[in-house]
Amino acid sequence: MDKKVVFSGVQPSGLLTVGNYIGAIRNFHTLQEEYDCYYCVVDMHAITVTQVPKDLREKTFQVLSLYLASGLDPEKATVFIQSHVPAHAELNWVLNCFTYMGQLNRMTQYKDKAVKHQDNLNAGLFTYPVLMASDILLYQTSYVPVGEDQRQHLELTRDIAQRFNARYSPTFEVPEGLIAKEMGKIMSLKDPESKMSKSDPDENASIFVLDDEDTIVRKIRRSVTDSEANFCYRDEQPGLKNLIHIYQAFSDESVENIVKHYEGSSYNQFKEDLAQLIYQKLSPVQERYKELMGDKKHLEEIYRIGSEKASYQANKTLRKVYKKVGFLPR
Ligand code: AMP
Ligand code: TRP
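The following refers to the structure shown. Everything quoted here is computed from the prediction, not taken from an experiment.

Our next topic: the pairing of strand 2 (residues 36-41). Of all 6 residues in strand 2, 5 are buried, a share of seventy percent or more. Both strand 1 (residues 5-10) and strand 2 contribute to a ladder of 6 bridges, which runs parallel. Opposite Gly9, over in strand 2, you have Cys40 as the bridge partner.

What follows is the structure in structure tokens.
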């Protein structure tokens, strides 16, 4: 039996946060033994907002290195860059013609980004989810490990796949999300009502995967909690709840155990321990990351091999799609 396929992508649009790490990247390598995994750096998605070309190149290397540093093995998983596999753009066009404006109008990520990027409201930002659907559907993907914020895009992907399959004949596997319940959404350290985001202008709102020890300690110390002085896990204390989620993700301990352990202690004690825990877990990743970034030739080799493997699979699906919609063979 062929292994089932896993696909995920991260945009090279800024420094990765512990939200990205917990919600997505740290789960990637645990899937590589059991599934046929494709992990993509989605540079084409990144240009839906303004990018400085030189920085985009560097950030693409950074995301690739972080994939590898957090345990992806290029012998087991296919690691590649979206713009290197033209089938993504090609399927994107076809699927654009199978997506309704009304559906795209309902996408909350678009609404959020439209407010933030009023000076550059381009069509790519609007049709972004169709490119994401193309990424996923090209590989006959069964599972997509992502954070909670991507749930709506996944629903759209399923919808497009089902519409196409119903109109012609079964062509696409209809994918499912792998979304961790609580950990699928790590919140900002400054405003626990909004998502921790790499594009947040306040850099104290996020811990970045590459932050050093002092920075982690300082940001956690200054993170927003509450004045109840009562160590509890509940919705009424969203700042503390979010810190407990981060603790849970890095320690693999249950919420109950964490709460039991810190009952009666000060938030400060908890925060000091949490900062140390994060640093302890991230520092080996940072070490490997630095080594990898020091050898760009090696990274280039990895992404070239990756895009060859990916292209082969992607083109198989694309050929079927072209045939079904009525394009003449080349
Ligand atoms: P992005 O930064 O939008 O490219 O997201 C890359 C991956 O990280 C996606 O799977 C997101 O769902 C996930 N992600 C981003 N921010 C968070 C967050 N605050 N909490 C959990 N997962 C996140
Ligand atoms: N839209 C995703 C995000 O912002 C990134 C992404 C693009 C993606 N294509 C994907 C994630 C395919 C999973 C699968 O986080």
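What follows is about the packing of aromatic side chains. Under the defined criterion, the tally for this structure stands at 21 aromatic pairs. Look at Phe61 and Tyr303: their rings are 6.3 Å apart centre to centre, the planes differ by 45°, and that puts the pair in the tilted class. Within this pair, whereas Phe61 is found in helix 3 (residues 53-69), its partner Tyr303 is found in helix 13 (residues 296-325), the two being separated by 242 residues in sequence. For the pair formed by Phe61 and Tyr303, the shared burial category is buried. A centroid spacing of 5.0 Å and a plane angle of 70° characterise the contact between Tyr322 and Phe327, whose relative ring orientation is edge-to-face. Taking NZ or CZ as reference, Lys296 lies 4.9 Å from the ring centre of Phe61, over its face.

With that settled, the discussion passes to the packing of helix 10 (residues 238-251) against helix 12 (residues 267-293). Where helix 10 meets helix 12, the closest approach of the two axes is 10 Å, and the angle between their N-to-C directions is 35°. Crossing of helix 10 against helix 12: the hand is left-handed. For the pair helix 10 and helix 12, contact is made by Leu240, Leu243, Ile244, Ile246, Tyr247, Phe250 and Ser251 and by Tyr267, Phe270, Lys271, Leu274, Leu277, Ile278, Lys281 and Leu282, respectively. In terms of residue class, the contact of helix 10 with helix 12 is made up of 12 nonpolar, 1 polar and 2 charged.

This next bit is on the packing of helix 10 against helix 11 (residues 255-262). In a pair of packed helices, the angle between the axes and the distance between the axes together describe the arrangement. For the pair helix 10 and helix 11, interaxial distance at closest approach is 10 Å and the crossing angle is 115°. Taken together, the axis directions place helix 10 and helix 11 in an arrangement best described as roughly perpendicular. Between helix 10 and helix 11 lies a crossing whose hand is right-handed. Contacts between helix 10 and helix 11 pair Ile244, Tyr247, Gln248 and Ser251 from the former with Val255, Ile258, Val259 and Tyr262 from the latter. When the residues that make up the contact of helix 10 with helix 11 are grouped by side-chain class, the tally is 6 nonpolar, 2 polar and no charged.

So, on to helix 1 (residues 18-31). Between its terminal C-alpha atoms helix 1 stretches 19 Å, which fits the 20 Å expected from 14 residues at 1.5 Å a residue. Bending of helix 1 peaks at approximately 35° at the position of Ala24. In terms of burial, helix 1 is a largely internal element, 10 of the 14 residues being buried. Regarding helix 1, the residues found buried are Val18, Gly19, Tyr21, Ile22, Gly23, Ala24, Ile25, Arg26, Phe28 and Leu31. The N-cap residue of helix 1 is Thr17: its side-chain oxygen and the backbone nitrogen of Gly19 are 3.0 Å apart.

Scoring rules and cut-offs
Residues numbered from 1 in each chain as written. Chains lettered and ligands numbered in written order. Predicted model: local features only at pLDDT ≥ 70, side-chain atom pairs only at ≥ 80, totals over all residues. Heavy atoms only, no water. Buried < 20%, exposed > 50% of the residue type's maximum accessible area, 1.4 Å probe, protein only. Helix = DSSP H or I, 4+ residues; strand = E, 2+ residues; numbered from the N terminus. Pairing = 2+ DSSP bridges. Phe/Tyr/Trp six-rings, centres within 6.5 Å; stacked < 30°, edge-to-face > 60°. Lys NZ or Arg CZ within 6 Å of the ring centre and 35° of its normal. Axes fitted to C-alpha atoms, helices over the stretch in contact; angles between N-to-C directions. Left-handed = near helix turned anticlockwise from the far one by under 90°. Contact = heavy atoms within 4.5 Å. Nonpolar A, V, L, I, M, F, W, Y, C, P; charged D, E, K, R; others polar. Parallel < 35°, antiparallel > 145°, perpendicular 65-115°, else oblique. Expected span 1.5 Å × (residues − 1). Bend = angle between axes of the 7 residues up to and from the residue. Polar contact = N/O pair within 3.5 Å; in protein donor to acceptor, adjacent residues only side chain to side chain.

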